[in-house]
Amino acid sequence: MTAVPLGMPAFPRAAESAVGDPVLRGNLRHATHTIRAKRARAVAELDDWARLRAAGAAVKDRTLRHLGHYLEQLEASVTAAGGQVHWAADAAEANRIVTGLVRATGEREVVKVKSMATQEIGLNEALTAAGITAYETDLAELIVQLGDDRPSHILVPAIHRNRGEIRDIFLRTMARWGRPAPDGLTDDPAQLAEAARLHLREKFLRAKVAVSGANFMVAETGTLVVVESEGNGRMCLTLPETLISVVGLEKVVPTWRDLEVFLQLLPRSSTAERMNPYTSMWTGTTAGDGPGAFHLVLLDNGRTDALADQVGRQALRCIRCSACLNVCPVYERAGGHAYGSAYPGPIGAILTPQLRGTATALDASLPYASSLCGACYEVCPVAIDIPEVLVHLRERVVQGGAVTRQGARVTIRPAKGHAAERAAMRAARWAFQHPRALRAAERLASRTRAAHPSRLPSPGPAGAWSRGRDLPAVPAEPFRDWWQRTRGGRQEGTR
Ligand code: SF4
C-alpha cells in the first residue's frame, strides 16, 4: 500500500485541527446525521434485512475462503470476453501497469470515476509524474480535485465542504482545469450541479481513455459492476475507446445470484435508496458498443496479508457503503483527513493498518480511533464486527507478534510509544493476581482521597490519555470493604 502521507502524525494530533474547527464539525454533523436517518428509514422498510445481511456476510466469507479459485475463474471469463487481466502485487506495480497502458494509447489525458483503489495507490500522482492528466468526474471527487484537497468520506468525498465553499472553489479554479464556472454562479445546488455538468461534458466528449474502479466483479461471466447516482460513471464507462479498471481482489463475487444480495444491501446502506439510479455492467468488449479495449488491473496491495489474519480478514467483506462512517462519533468530530488514507472512519481504522501494517505512528494509532461503542457493527450491511477487529489490532500494536507481510510470516515488534500502556497493563495484571495488595492499595486511595487532584498530571507518555480526562472521585469506603461489612447490602447501615 502507499506510504502514509508525508509527515502525517498519529491520529489524535492529526485530528486536532478538525476537532477545533466549528464550521467543519457543523458540516460533518449535518451531513452524517441526515444520511444516517435516511438510511435507518430505508433499511426499516425491509422485513428480511437481517437475513439479507447474514447472506451478504456468508457470500463474502465463502468467496474469501476460496479467493484464488474465484479470481482465476474471473480472469478466464474476462479474457474469454475480450478483456485483458493484469495482476498487481502492490501500489507501485499497479501504477506502472496503468501508466504503461495509457502511454500505449498515445493519450495524455484520462477521465476517472469511482475508484477508491486508485486513491489508495496514489494513481493520480503517478500519472502526473508521467505527464498524464487525470480528471475526476464524480461530482464530489471533482470538488476535491478542484479544491486541491483530499477526500474525507467514502461516499461523499467532499462532505467537509458546504455549498458556499463549493461555489468559491468552482469560481476560483474551474477555468484552470477546463471550462470555467458561469459568471454569477450562486450556491444554489441546481446551479452548482449545472456548472459541474457543463465542465465535465467537455471532458467526456474529448477523452479517449477512462480509468474506473468497480463495486463488484462477477467471476462466472467476468462482468464488472459500478453503481452510482449521477450518471457520470456511465459516461466514463461507455464513451472512451479504452477502459482501464483498477479493482481490489476482494471485490469478486462468484455468481449473479450472489450479486443480487449486494445490489439490495448497498444502496439502502449507502445512499438510503431502494435501488441505485445507475447500475452499469460491462463484460469484456463488444464490437461497436462501448470501449474497444478493456483492461482489468487486479490489485493485491496488502489484501492477501489481511486475508491471512483470521480475525482481521472480515474487513475484506466491506462493500464501501460508508454507513459505519455516518454513525461513528469519532468520525463525526475528526472528519476523514486525520485517518491518512483513502479509507476513513471505522472501516479505515481496521483496514488501513492491515493493508499498510502498523509501523508508522499514524497506522499504529488508527485502531485507537474509536470509542468501541459498536454503532459501526450495528449498521454494517455485511456484519463486520469492527470493534472485535479494533481490539485485535490494538493487541497487535501493543504486543507485536506474528503477522503475514507480503506473503511471508514475520514477527513484528510492539509499536513505539506504547511502553507506558504495556507497563500499566502489567501492573494491573499483577495487582489483580495479588488481592491483598489490591485491597491495601484501594484502602490507601480511599484514605487519601481528600488530597487527590481532579485531574491527573500529564507529563510523559501518559499525557495523551490523561489530558482529556477527569480523575473519577474515589469513594470513602472501597467496594469490597462495603460488601464484607454489609454482606452485599443485606445489612446496609451497619458500620
Ligand atoms: S465496514 Fe460495513 S458499514 Fe463500513 S463501509 Fe464497509 S460495508 Fe459499509
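Residues numbered from 1 in each chain as written. Predicted model: local features only at pLDDT ≥ 70, side-chain atom pairs only at ≥ 80, totals over all residues. Heavy atoms only, no water.

A word on the overall build of the chain
Counting its secondary structure elements, the chain contains 24 helices and twelve strands. Its C-alpha radius of gyration of 26 Å places the chain within 12% of the 23 Å reference for a compact globule of 495 residues. Structurally, the chain occupies a C-alpha span of about 90 × 55 × 45 Å along its principal axes. With 62 positive and 50 negative side-chain charges, the chain shows a spacing of 9 Å between the two charge centroids. (Helix = DSSP H or I, 4+ residues; strand = E, 2+ residues; numbered from the N terminus. Rg over C-alpha atoms; globule rule 2.2 N^0.38 Å. Lys, Arg positive; Asp, Glu negative; His and termini not counted. Charge placed at Lys NZ, Arg CZ, Asp CG, Glu CD.)

Remarks on empty space enclosed by the protein
Inspection of every chain in the model, using the stated rule, returns three cavities of 30 Å³ or more. Looking at the largest cavity, its volume works out to about 100 Å³. Taken together, 16 residues form the lining of the largest cavity, with Cys318, Cys321, Cys324, Cys380 and Pro381 sitting closest to its centre. Looking at the lining of the largest cavity, the elements with two or more residues in it are α15 (323-327) and α19 (375-379). Tallied by class, residues from the lining of the largest cavity come to 14 nonpolar, one polar and one charged. The space that makes up the second largest cavity amounts to roughly 70 Å³. Forming the walls of the second largest cavity are 13 residues, and the residues nearest its centre are Cys328, Pro346, Ser370, Cys373 and Cys376. For the lining of the second largest cavity, the elements supplying multiple residues, two or more each, are α19 and α20 (386-399). Across the lining of the second largest cavity, the residue classes tally to ten nonpolar, three polar and no charged. (1 Å grid on protein atoms, 1.4 Å probe; cavity = no way out; pocket = protein on both sides within 12 Å on 5 of 7 lines; lining within 4 Å. Points joined across faces, edges and corners; volume = space filled by probe spheres on them. Nonpolar A, V, L, I, M, F, W, Y, C, P; charged D, E, K, R; others polar.)

What about the sheet that holds strand β4 (residues 209-212)?
Read from one edge of the open sheet, six strands run β1-β10-β7-β4-β2-β3, paired in parallel fashion. Looking at which strands have only one partner, the edges of the open sheet turn out to be β1 (84-88) and β3 (133-136). Put simply, the sheet's adjacent strands are angled 25 degrees from each other on average, direction ignored. As defined by bridge partners, β4 adjoins strand β7 (residues 242-248) across four bridges and the pair is classed as parallel. Within the sheet, the bridge partner assigned to Val211 lies in β7 and is Ile244. Its contacts with the sheet put helix α5 (residues 67-80) on β1 and β10 (293-299), and the angle it makes with β1 is roughly 145 degrees. (Pairing = 2+ DSSP bridges. Axes fitted to C-alpha atoms, helices over the stretch in contact; angles between N-to-C directions. Contact = heavy atoms within 4.5 Å.)

Here's the deal with the packing of aromatic side chains
Between two aromatic rings, the relevant description is the distance of the centres plus the angle of the planes. Enumeration according to the criterion identifies eight aromatic pairs in this entry. Judged by centre distance (5.6 Å) and plane angle (25 degrees), the rings of Phe216 and Phe262 are stacked. Here the residue Phe216 occupies a position in strand β5 (residues 216-218), and Phe262 occupies one in helix α13 (residues 256-270), the gap between them amounting to 46 residues. Phe262 sits in the buried class, given a relative accessible area of 0%. With 6.3 Å between their ring centres and 85 degrees between their planes, Trp282 and Phe294 make a pair best called edge-to-face. One end of the pair, Trp282, is in strand β9 (residues 278-283); the other, Phe294, is in strand β10, and twelve residues separate them in sequence. Residue Trp282 shares its accessibility class with Phe294, and that shared class is buried. Taken together, the ring pairs in this structure connect Phe11, Tyr331 and Tyr339 into an aromatic cluster. Positioned above the aromatic ring of Tyr377, the side-chain terminus of Arg53 is 5.2 Å from the ring centre. Lys60 extends its terminal NZ or CZ atom over the ring of Phe262, reaching a point 5.4 Å from the ring centre. (Phe/Tyr/Trp six-rings, centres within 6.5 Å; stacked < 30°, edge-to-face > 60°. Buried < 20%, exposed > 50% of the residue type's maximum accessible area, 1.4 Å probe, protein only. Lys NZ or Arg CZ within 6 Å of the ring centre and 35° of its normal.)

Some points on the packing of helix α10 (residues 163-177) against helix α11 (residues 189-206)
A pair of packed helices is captured by two measures, namely the crossing angle of their axes and the spacing between those axes. Where α10 meets α11, the axes come as close as 11 Å, and the angle between the chain directions of the two elements is 25 degrees. The angle between the axes of α10 and α11 places the two elements in the roughly parallel class. In this structure, α10 crosses over α11, and the sense of that crossing is left-handed. Counted together, Arg163, Ile166, Arg167, Phe170, Met174 and Trp177 of α10 and Pro189, Leu192, Ala195, Ala196, His199 and Lys203 of α11 form the full contact between these two elements. (Parallel < 35°, antiparallel > 145°, perpendicular 65-115°, else oblique. Left-handed = near helix turned anticlockwise from the far one by under 90°.)

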